[in-house]
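Descriptive structure summary
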Amino acid sequence: MATDAKPKYKVIGTRPVRHDGVDKVTGRARYGADVKLTGLLHGAILRSPHAHARIRRIDFSKAAALPGVRAIVTGRDLPDQGDRIVELGEGAVNMRHLSANVLARDKVLYHGHAVAAVAADSLHIAEEAVRLIEVDYEVLPPVLDVLEAMRPTAPVLNDDVRTANVGALPESTLDGPPTNVARHILFEKGDLQAGFAQADLVLEREFRTSTVHQGYIEPHNATVLWNADDKVTVWMSTQGAFTARQQTAELLRIPVSDVKVVPMEIGGGFGGKISVYLPPVAALLSKKSGRPVKLVMDRAAVLQATGPTPGSYIRVKIGVTKDGRLVAADAYLAYEAGAFPGSPIGPGCSCIFACYDIPHARVEGFDVCVNKPRTNAYRAPGSTNAAFAMESVIDEACAQLRLDPLEFRLKNAAREGTRRVDGPVYPRIGLVETLQAIQRSPHYRSPLSGPNRGRGIACGFWFNCGLKSAVTATVNPDGTVALMEGSTDIGGTRTSVAMQLAETLGIAAEDVHPTVGDTDSVGYTDVTGGSRVTFATGIAAIEAAKDIQRKLCERAALMWEVEPHQVRYEDGGVVCNGKRMSLKELASRLHETGGAVIGCGTSSEATQGGAFGTHCVDVEVDPETGKVQILRYTAAQDAGCAIHPSYVEGQIQGGVVQGIGWALNEEYWYDEQGHLKNATLLDYRMPTCYDVPSIETIIVEVPDPQHPFGVRGVGEVPICPPPAALGIAIANAVGVRMHVLPMSPHRVCAELLKARGG
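Criteria and thresholds
- Residues numbered from 1 in each chain as written.
- Predicted model: local features only at pLDDT ≥ 70, side-chain atom pairs only at ≥ 80, totals over all residues.
- Heavy atoms only, no water.
- Helix = DSSP H or I, 4+ residues; strand = E, 2+ residues; numbered from the N terminus.
- Rg over C-alpha atoms; globule rule 2.2 N^0.38 Å.
- Buried < 20%, exposed > 50% of the residue type's maximum accessible area, 1.4 Å probe, protein only.
- Contact = heavy atoms within 4.5 Å.
- Areas by Shrake-Rupley, 256 points an atom, 1.4 Å probe, with all protein chains shown as cover.
- Lys, Arg positive; Asp, Glu negative; His and termini not counted.
- Charge placed at Lys NZ, Arg CZ, Asp CG, Glu CD.
- Disulfide = S-S within 2.5 Å.
- Polar contact = N/O pair within 3.5 Å; in protein donor to acceptor, adjacent residues only side chain to side chain.
- Pairing = 2+ DSSP bridges.
- Phe/Tyr/Trp six-rings, centres within 6.5 Å; stacked < 30°, edge-to-face > 60°.
- Lys NZ or Arg CZ within 6 Å of the ring centre and 35° of its normal.
- Axes fitted to C-alpha atoms, helices over the stretch in contact; angles between N-to-C directions.
- Expected span 1.5 Å × (residues − 1).
- Core = buried A, V, L, I, M, F, W, Y, C linked by side-chain atoms within 4.5 Å.
- Parallel < 35°, antiparallel > 145°, perpendicular 65-115°, else oblique.
- Left-handed = near helix turned anticlockwise from the far one by under 90°.
- Domains from an automatic or database assignment.
- Buried area = accessible area lost by both parts, 1.4 Å probe.
- Salt bridge = Lys/Arg side-chain N within 4 Å of Asp/Glu carboxyl O.

What follows is about the overall build of the protein chain. What the protein chain contains, in helices and strands, is 20 helices and 29 strands. For a compact globule of 758 residues, the expected C-alpha radius of gyration is about 27 Å, and the protein chain comes in at 27 Å, within 12% of that figure. With the C-alpha coordinates of the protein chain rotated into their principal frame, the extents come out at 90 × 75 × 50 Å. Scored against the burial criterion, the 758 residues of the protein chain give a buried share of 61%. For the protein chain, restricting intrachain contacts to residue pairs at least 6 apart in sequence, the fraction spanning at least 24 positions comes to 79%. Of the accessible surface of the protein chain, which amounts to about 28100 Å², a share of 51% is contributed by carbon and sulfur atoms. Charge-centre separation for the protein chain: the mean point of 77 positive side chains lies 1 Å from the mean point of 85 negative side chains.

Right, dumping it as structure tokens:
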């Protein structure tokens, strides 16, 4: 369902079969673990049994003596990085930390931290060899809680970390002692004290969220050949072939042009397959052995040692007037970075008040190292934590002042011209339209009756980004077009990009044949993340199509013996002085006028204005067990322009399901020594089809002026509102407000018992 009229398109807004569909449903699609090369060796990795320990000695003599073992590497085999900060497309990284995360050198900093790796003739031999490696550890006390890690007396994980200040803070200094607090952020707007003085109600609450994993089905993998000419080829599942190439080259200290990354099909990522873990290790093993080496993580390694999203502590204080005006807000956020700096504390600070026009606000944030795996992005990284806190406090304030929560949000919603607390002023955005879509929805208008049932409303925001993309497109003799792009296809973007090229050329989507290229075959393209691909790679495809149009007009001019400016491209063909030739006709005669026509397009300057969503959920809570049953769920989101509505709906539904898991079930369980106790999908509880209802979607279309068709990315926003919406629904069902995620049965039951005086 679309809420606004839009231009009439021939391709955009239709639902063609995805171009990669047949290969995937027939099992012919090749994923990372499917790579088989002549002479292939198999690798295994030794991982730390401790959360925090100093490595005194590694003895791999017994492993090296095992028949079939061809190479062994440790952190000492990785080149020294010095203190280098490198920009990797989605942020800067200290290469010393990235290297130490790939293979520990002096210390292990989390349970599962990679220590050594073996390549052997078979996986079984490699695994046996790993068990023969002896490591002498000096076990150190771990710190697992974000607030505990901030104390001056806490064990310090990294001797080279000092606090970097961001925003309205004094200039950073490197003179202080080592610390676990890697970054301190402060954003301010207006006069906070004056704002709270205007309020009739001031409400302050504290919230905790747990560490959760992205839950992609396919584990991390890499097959690497370090060839005799010192050229390195990597076959892997990755969200960004070019950033994987750069990370691998930087970690090995070799020229980036000596590394080629071939992206395979990817079985999910959600932000967790941007950082590299295996390619540098497999490359070193390949160099030592002279043969290609494959590494594939098992599920325990994926959960123990790849980047989950951070646990967090958040405190929110808001000031509201009796007539429902949000006049002041103050937030304190501390996010776990894991073993090395780099939590999404920046986005969290920018997102926490992003849905509202608040005249007086302050946000303070901290990036804090703890003895857990280095965190990575997970769909709108940092925003879900923040939305859970802010939306929950908003609803409680509305309850205390007897205000309608949806009307309150409409009254205070961010609009075009609203300035966020971190500075940017919104261009055209669609938050109000998503609120109105929920307000008009059959779900919201339907009554909810019965005991222990409640309804919750919550909003969410993500910036969406542009970054860089490149596309080339070749006109085939039969009038079809071969499209080469650099964006890994996770959620159907091959088709959404192809559809934009097809719309621009006036041909059918089926007449475009899209391929994801390797790093030697297409121009630099940033990661598939930040909801950027349909937007930015789509712009590049549109530009490639326009380039094709210009060249086809030149070729037609040669055939018709006229000047190129006299020829126009329109409606899938060229026209001039009453004459017309279709693209298919012209393509069949290109050999007469110079051969192939290839169009090139790039995108680098366009930046999205951000996207918003509003969710409505009904639940029933069992008062005896605390189990939450979801009865109905509706999500409204501004997609700008839905290129392929089925994919938009799928992205929204997928994000909601992941948000439900985060809200109700998912969390990392560590013991006091920092051992992860639920590193299997039997114990790490993700939602199944039995846990979620059919999720209704409402596609709102408020075009983003930065895109020719008005596209806004849709992949991030839908994970933001679910925890808050569900917490609010629980409160309306049984009268207890949840401040800790996940809101699992035992936690809900404990709050119910507390409310009863038990």
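Further remarks concern the state of the cysteines. Overall, the coordinates contain zero disulfides when judged by the stated rule. Note on Cys600: no disulfide assigned, nearest cysteine sulfur contributed by Cys553 at a separation of 17 Å. Distance from the sulfur of Cys720, which forms no disulfide, to the nearest cysteine sulfur (Cys351) is 6.7 Å.

We now examine the side chain of Arg712. Among the secondary structure elements, Arg712 is positioned in the loop between β29 (695-700) and α19 (722-734). Only 2.9 Å separates the side chain of Arg712 from the backbone oxygen of Gly610, close enough to count as a polar contact. A distance of 2.9 Å separates a polar side-chain atom of Arg712 from the backbone oxygen of Val702.

A word on the pairing of strand β1 (residues 41-47). Taken across its seven residues, β1 has six buried, putting it largely inside the fold. Where β1 and strand β15 (residues 293-296) come together, two bridges link them in parallel fashion. Paired with His42 across the bridge in β15 is Lys294. Here β1 pairs with strand β7 (residues 114-120) via six bridges, running antiparallel. Of the residues in β7, the one forming a bridge with Arg47 is Ala114.

Right, let's get into the packing of aromatic side chains. Working definition: an aromatic ring pair is given by the centre-to-centre distance plus the angle between the planes. Scanning all chains against the criterion turns up 13 aromatic pairs. Note on Tyr9 and Phe709: the rings are 5.4 Å apart at their centroids and 75° apart in plane angle, and the pair reads as edge-to-face. Of this pair, Tyr9 sits in the segment before α1 (21-25) while Phe709 is found in the loop between β29 and α19, placing the two residues 700 residues apart along the sequence. In textbook terms, an aromatic cluster arises when at least three aromatic residues are bridged by ring pairs, as seen for Tyr426, Phe461, Trp462, Phe463 and Phe612. A cation over a ring is seen here: Arg18 above Tyr647, with NZ or CZ 5.5 Å from the ring centre. The ring of Tyr332 carries Arg315 above its face, with NZ or CZ at 4.6 Å from the centroid.

All right, on to the pairing of strand β24 (residues 573-576) then. On β24, burial covers both faces: Gly573 and Val575 on one face and Val574 and Cys576 on the other are all buried. Where strand β23 (residues 568-570) folds back on β24, the antiparallel hairpin that results is connected by two residues, among which Asp571 adopts a positive phi of roughly 50°. Here four bridges tie β24 to strand β25 (residues 579-582), and the two strands are oriented antiparallel to one another. When the bridges of β25 are listed, Gly573 appears paired with Ser582. Remark: two residues form the turn of the hairpin made by β24 and β25, two consecutive strands paired antiparallel; Asn577 in that turn has positive phi of roughly 50°.

One open sheet holds the six strands; their spatial order is β9-β10-β18-β17-β16-β11, and the pairing between them is mixed. In this open sheet, the two edge strands, each paired with only one partner strand, are β9 (164-167) and β11 (201-209). Put simply, the sheet's adjacent strands are angled 10° from each other on average, direction ignored. Where β9 meets strand β10 (residues 181-189), four bridges bridge the pair, whose relative direction is parallel. Among the inter-strand pairings, Ala164 is bridged to a residue of β10, identified as Arg183.

A word on helix α16 (residues 533-560). Spanning 28 residues, α16 covers 39 Å between terminal C-alpha atoms, matching the ideal 40 Å at 1.5 Å per step. Taken across its 28 residues, α16 has 22 buried, putting it largely inside the fold. One or two steps after α16, the chain reaches Glu561, where phi turns positive at roughly 55°.

Turning our attention to the nonpolar core. Within soluble globular proteins, side chains that are nonpolar tend to cluster in buried spots. In terms of nonpolar packing, the biggest core is built from 106 residues, with Ile318, Leu333, Ile352, Phe353, Met390 and Met743 touching the most fellow members. A per-element tally of this core places helix α11 (residues 383-401) first, with nine residues. With residues near it in sequence (within four places) discarded, Ile352 still touches Ile314, Val316, Ala331, Leu333, Val363, Ala386 and Met390. Core analysis: the next-biggest nonpolar cluster, separate from the first, contains 48 residues, Ala536, Trp560, Val567 and Ile643 among them.

Let us now look at the packing of helix α12 (residues 405-412) against helix α13 (residues 431-440). One way to put it is that α12 packs onto α13 with a least axis distance of 10 Å and a crossing angle of 160°. Of the possible angle classes, the one that applies to α12 and α13 is roughly antiparallel. When you trace α12 past α13, the crossing you get is left-handed. Residues Leu406, Glu407, Arg409 and Leu410 of α12 lie in contact with α13, whose contacting residues are Val432, Leu435, Gln436, Ile438 and Gln439.

Once that is clear, we can look at helix α20 (residues 745-755). Every buried residue belonging to α20 is among Arg747, Val748, Cys749 and Leu752, and all of these are buried. Where α20 is buried, its residues touch β27 (611-621), β28 (628-638) and α19. Of the residues flanking the end of α20, it is Gly757, one or two places downstream, whose phi is positive at about 85°.

Here the protein chain is described as being made up of domain 1 (430-464 + 609-756) and domain 2 (466-603). The C-alpha-based centres of domain 1 and domain 2 are spaced at 39 Å. On the side of domain 2, 16 residues touch domain 1, which itself brings 16 residues to the contact. Summing both sides of the interface, domain 1 and domain 2 together bury roughly 1200 Å²; the carbon and sulfur share of this comes to 69%. Where domain 1 packs against domain 2, one counts zero salt bridges. Summed over the shared surface of domain 1 and domain 2, the result is four residue pairs in polar contact (both at pLDDT 80 or more).

Bringing the sheet that holds strand β8 (residues 134-139) into the picture now. One open sheet accounts for three strands, arranged β6-β2-β8; its pairing is antiparallel. At either margin of the open sheet sits one strand with a lone partner, and together these are β6 (107-108) and β8. By the bridge criterion, two bridges tie strand β2 (residues 53-59) to β6 in an arrangement that is antiparallel. Opposite Ala53, over in β6, you have Val108 as the bridge partner.

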